[in-house]
Structures are given as C-alpha cells and as structure tokens.
Amino acid sequence: MADRSMLERYEERVVSISNVPPSAIANLPQDFNDDLKNGIKSLEWSKGSAQATVTAVPNVEAIQQLSHCDIRILLAPLDLPNHINTYPGFKMLVSVFNVPDQFLAERLHNVPYSFGSQLRENGVQNMWMHFLVKGIPASQNGNEEEERAWFRMAFYLQWNQSNSQRRNITLVCFGALKTLKHEFTQMRGAQKWETIMENPYILVTFILESWYDRVDRIVWRANDRGSELETKTVEETTSLDSLTLRDKLDKLKNLYRLLQTVLWLREGLDASLRATALVIEHYQESDLPAVKTMKGRNVLKEFAYRQEMFRATQLRLNSLHDRLETINHISYGLASLRDNHAMTQNSQATLSINDTMKTDSHFMRRDSSRMALIAWIGIILLPTSLVATVISAVSDTGENASKMPTKMGILFAVSVPMTIVLAVWFKTYLEPRSRRI
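Because the structure is predicted, anything quoted here is derived from the model rather than measured. (Residues numbered from 1 in each chain as written. Predicted model: local features only at pLDDT ≥ 70, side-chain atom pairs only at ≥ 80, totals over all residues. Heavy atoms only, no water.)

Participant: Is there a simple way to think about the overall build of the chain in this case?
Facilitator: Within the chain one finds 11 helices and seven strands. For the chain, with 437 residues in total, the buried portion stands at 41%. For the chain, the share of sequence-separated contacts (at least 6 apart) that also reach a separation of at least 24 residues comes to 73%. Accessible surface, the chain as shown: approximately 24500 Å² in total, 55% of it carbon and sulfur. (Helix = DSSP H or I, 4+ residues; strand = E, 2+ residues; numbered from the N terminus. Buried < 20%, exposed > 50% of the residue type's maximum accessible area, 1.4 Å probe, protein only. Contact = heavy atoms within 4.5 Å. Areas by Shrake-Rupley, 256 points an atom, 1.4 Å probe, with all protein chains shown as cover.)

Participant: Just checking my understanding: could you explain the confidence of the model for the chain for this structure?
Facilitator: Low-pLDDT stretches of the model should not have their predicted coordinates read in fine detail. Scored by pLDDT, the chain comes out at a mean of 79, with 69% of its residues at no less than 70. Averaged pLDDT values for the elements of the chain fall to 52 in helix α5 (residues 144-147) and rise to 94 in strand β5 (residues 124-134). (pLDDT = per-residue confidence, 0-100.)

Participant: I would appreciate a short explanation of the packing of aromatic side chains in the present structure.
Facilitator: To describe a pair of aromatic rings, one takes the distance between the centres and the angle between the planes. All told, the structure shown has 11 aromatic pairs when counted by the stated rule. Taking the centre distance of 5.4 Å and the plane angle of 85° together, the rings of Tyr212 and Phe310 count as edge-to-face. Of this pair, Tyr212 sits in helix α8 (residues 202-236) while Phe310 sits in helix α10 (residues 294-394), and the two are 98 residues apart along the sequence. Both residues of the pair, Tyr212 and Phe310, belong to the buried class. Above the face of the Trp150 ring, Lys134 is positioned so that its terminal group lies 5.8 Å from the ring centre. Between the NZ or CZ atom of Arg214 and the centre of the ring of Phe151, over which it lies, the distance is 4.2 Å. (Phe/Tyr/Trp six-rings, centres within 6.5 Å; stacked < 30°, edge-to-face > 60°. Lys NZ or Arg CZ within 6 Å of the ring centre and 35° of its normal.)

Participant: Got a minute to help me understand the pattern of salt bridges in this structure?
Facilitator: Pairs can form between side chains of opposite charge whenever their charged atoms are close. Under the counting rule described, the total for this entry stands at seven salt bridges. Across the pair Asp213 and Arg217 runs a salt bridge, and its minimum N-O distance is 3.2 Å. Pair noted here: Asp213 and Arg217 are both in helix α8, with a separation of four residues, about one helical turn. (Salt bridge = Lys/Arg side-chain N within 4 Å of Asp/Glu carboxyl O.)

Participant: In this structure, what is going on with the nonpolar core? I would like to understand it.
Facilitator: Inside soluble globular proteins, nonpolar side chains tend to come together where they are buried. Among the nonpolar cores identified, the biggest contains 61 residues, and Phe131, Phe155, Leu157, Leu171, Phe184, Phe303 and Leu324 are the most heavily contacted of them. Considering each element in turn, this core owes the most residues, 13 residues, to α8. (Core = buried A, V, L, I, M, F, W, Y, C linked by side-chain atoms within 4.5 Å.)

Participant: Teacher, can you tell me more about the side chain of His130 here?
Facilitator: In this fold, His130 is placed in strand β5. Accessibility expressed as a relative area gives 1% for His130, which makes it buried. At 3.1 Å, the side chain of His130 forms a polar contact with the side chain of Asp79. A polar contact is formed between the side chain of His130 and the side chain of Glu106, at a distance of 3.0 Å. Those residues in contact with His130 that sit more than four places away from it in its chain are Asp79, Phe103, Glu106, Arg107, Val111, Pro112, Tyr113, Ser114, Met153 and Ala154. (Polar contact = N/O pair within 3.5 Å; in protein donor to acceptor, adjacent residues only side chain to side chain.)

Participant: Got a minute to help me understand the sheet that holds β5 in this structure?
Facilitator: Two pairing modes exist for strands in a sheet, parallel and antiparallel, and in both the strands are linked by backbone hydrogen bonds. Ordered by their spatial adjacency, seven strands build an open sheet running β2-β1-β3-β7-β6-β5-β4, and the pairing between neighbours is mixed. At either end of the open sheet lies a strand with only one pairing partner, and these are β2 (53-57) and β4 (113-119). The sheet shows a mean angle of 15° between the axes of neighbouring strands, direction not considered. Of the pairings in the sheet, the one linking strand β3 (residues 71-76) to strand β7 (residues 169-174) comprises six bridges and is parallel in character. (Pairing = 2+ DSSP bridges. Axes fitted to C-alpha atoms, helices over the stretch in contact; angles between N-to-C directions.)

Participant: Got a minute to help me understand helix α3 (residues 87-96) in this structure?
Facilitator: Residues spaced three or four apart along an α-helix point in a common direction, a consequence of the helix completing one turn every 3.6 residues. The buried fraction of α3 is high, at seven of 10 residues. Along α3, the residues classified as buried are Tyr87, Pro88, Gly89, Phe90, Met92, Leu93 and Val94. Taken from the residues just after α3, Asn98 is the one with a positive phi, measuring 55°.

Participant: How should I be thinking about a nonpolar patch on the surface in this particular structure?
Facilitator: Taken together, Val416, Ile420 and Val424 make up a surface patch of nonpolar side chains, about 250 Å² in accessible area. Turning to its location among the elements, Ile420 is positioned in helix α11 (residues 404-436). (Patch = residues over 30% accessible without salt bridge, like charges linked within 9 Å, V, L, I, M, F, W, Y side chains within 5 Å.)

Participant: Is there a simple way to think about helix α4 (residues 101-108) in this case?
Facilitator: Across the eight residues of α4, six count as buried, placing the element largely inside the fold. Every buried residue belonging to α4 is among Phe103, Leu104, Ala105, Glu106, Arg107 and Leu108, and all of these are buried. Residue Asn110 follows α4 closely and has a positive phi angle near 50°.

Participant: Just to check I follow, could you spell out the environment of Ala76 for this structure?
Facilitator: Residue placement: Ala76 occurs in strand β3. A relative accessible area of 4% places Ala76 in the buried class. Taking the C-alpha atoms as reference points, Ala76 and Leu93, separated by 17 residues in sequence, lie 9.2 Å from one another. Beyond its immediate chain neighbours, meaning those up to four positions away, Ala76 contacts Gly39, Ile40, Leu93, Cys173, Phe174, Gly175 and Ala176.

Participant: Hey, could you run me through the side chain of Ser210 in this one?
Facilitator: Turning to its location among the elements, Ser210 is positioned in helix α8. Those residues in contact with Ser210, other than ones at most four positions away along the chain, are Leu177, Thr179 and Leu180.

Participant: Help me out: how do you make sense of unusual backbone geometry in this one?
Facilitator: Backbone phi values are negative for most residues with the exception of glycine, while trans is the configuration of most peptide bonds. The phi dihedral of Asn98 falls on the positive side, at around 55°, and the residue is not glycine. Along the chain, the position of Asn98 falls in the loop between α3 and α4. By relative accessible area, Asn98 is classed as partly exposed at 29%. With a phi angle near 50°, Asn110 is a residue other than glycine that sits in the positive phi range. Following the sequence through the fold, Asn110 ends up in the loop between α4 and β4.

What follows is the structure, encoded as structure tokens:
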C-alpha cells in the first residue's frame, strides 16, 4: 500500500490546487458520473466465460466490493491532483490495489516518463508507467488553453506471478486514450483473454500502441504546421514588400511557438523510447513461463516493433526541427533584406532630394548674383540721383546756364563720396551678413 505520507502530500496538492479548505475533502461526492471521462468502467473476465462484461463502478464503496475475476481492466480518470472530484475514487483505487508510493510521487513531479516494477513477497508482480507529451492546437489560431495542452496517461498492472491458474490480473488505466478504451471494450472474445491470462504483458502492447498512435498524430499535425510556414516563407521571397509589419510579427510568433512545441515533442518521444526500452528489458528478464514460448517471443517482437515505430516518428520530428531552423534562418535573412531594401530606397530618396536641393541652390545662386548686380547699380546711381534731386529742388528755375558748372561740381563733390561710403558699408557689413543668413 502507498505510504500514508505520500497520500497526504497528494491530498495537500489537491487542496492547494483546488483552493478549498482541507475539510472539503471529506465532503466530496462519493458517486461517480456515468461516463468515461469522470467515471470508472470495469471490464471483467473469468476463465470459462464466453466474453468479458463491461460495468460502471457507481461509487467509491463499490471499488471495495468488486467481484472476483481472473482479469479486470479499470478505466479510470487521469491521476492528476487538480481533479478534485475524482480524488475519492483515486484514493480508493490506490488503497484497494496497493499502488506503490513511487507511482504517486511520479505524478506529483509530473515526470516525462516512468517505468517501475516490484515483485512482492506474496508473489504479486507490480508494474506501472507514466507518459507525457505536449499537444498542439488543431489550427494556428488555437486558443490559449489549447496552446498549453499536455497529454498524459498512466497505468498500474499487477498479477500473481506464482500461480499460473489464478493470475488475478488487474490493470488500472488512468486517463486511457479513446483508442485504448475502444480496443479494450471491443476485445470480448474468450480466446484473447486466455492468451492474456498466460502472458499479462500483452496488455502493455495495447497501451504502447495507443500511446504511439497519439504521439504520431501530434507529430504529423506539427509537420503540417511546419509545411504551412515553409510555403509562406517561400512566397515571401518573391516580394520583399508582400507582408505588413503585423503579418511578419504573427509569422515569427507562430514559428517560435512551433519550434518550442517541437522541442517538447522531442522530449516526449525520447521519453517514450526510454520507457519502451525499459519494458523490453524487464520482459526479457521476466521469469514468466509464457515469455519463453513462441507467443512470448512474438510479444517481444511486438515491443521491438513499437520501439522502431517511435524511432521512425522521431526521425520525422528531427527532420521537422531542422526544417524549422532553416525557416528561422531564412526569416531573419529576409528581415535583413527588407531592412537593406528600405535603406536603399531611403538613400535613393535622399539622393533625389539632394539633387533637387542642388538645382534649387544653383538657381538661388544665380538669382543672388542678379540681385547683387541690381544692388550695385542702385548703390552707384542712388546717391547721384538723390543729390541731383535736392539741388534741383532748392535752385531757382530762372538761373542762367553760367551757374551750371558750379552745380555740377557740387553734384559730383557730394554724390561721389556718398557713393563710396555706401559701397564700402554694403561691402563690409551687409554682404557678409547676408551670406551668413
């Protein structure tokens, strides 16, 4: 039986995750829902029976009152501490079937895989496993809950190793996948059950097959997602301006998420391969007489085949990882090309502006030269015009021509110095100032 302290730790985790007071555990409903998600189904077969029977376990108390049979398969909810409503049934299963405390510790630590076995003094052989793999949403626009999805499965198997006539085989599947549930519920013929009586490891082949089917479908979904990103990346190479900034950011975000998921999938596949290798090693060391028979060797071949199928899926996943790394490099290369392309366009625009400014500067210099010429003409003529106007204004209209030379002398005597002074002032003060402006 599992150590009491381990059960207490498990219960503390249930209380902590569910955010309920410890007293609430005692008041949890003891009845089970009549479905495979939250309820418990029992497949029972006894020697001499034509087929197995499927019954629903109605409540916690019924687990203690299960009838005797040679083979029993219990399909129970997943052994997660965050499912508070299933905890009473889980606790009873642990107690009735003496589930080792290692099994509970592995779930509390959320291990990527586990394989354990014990041969007790009473001749009962125990074996258990945990599986874990990262899921992937059905579409790139999956919600946050789908992004965080993980698939888990666990089982606990026990049988009487010392009594070939009364094996009392019990398999408890926690969180069995739909394919495994279907396989067990459809397997009602007596011949198949008699074979399992001889070699309980056959049940493990069904579990590995079901788990492989789930892992392989997840990897194919990831591969399809990677192919979509490859296609989009190739399309981007045809035009550097085909995507908006928002599209580019979304693409990089999807690429990062997929790369992250692939890394988790690689961990899950490695874990599945290690678990399968441990099953093979344990099977080869088993003292079960049926292991040495032809059927027993076929079971070993089935384990080896499943191991190779995991490796085949691993090859596909490794190829996907390499392709995604290539897409990542290409994406960053395209980003650099877009930046260079934008800088080139900006440089061309700057050159065009500079050419325009040069042209404008040329016209401005030409206009400035013309204005300077006009200014100099004004400097030369303005003083003379001013003095002549003043002289003519103050002179009598009837003066004779004999006084004209005197007036002309005054005109030049006054206008010439004024012109010189004005030219010097313009040259030394106004012109340098206008150039600074």
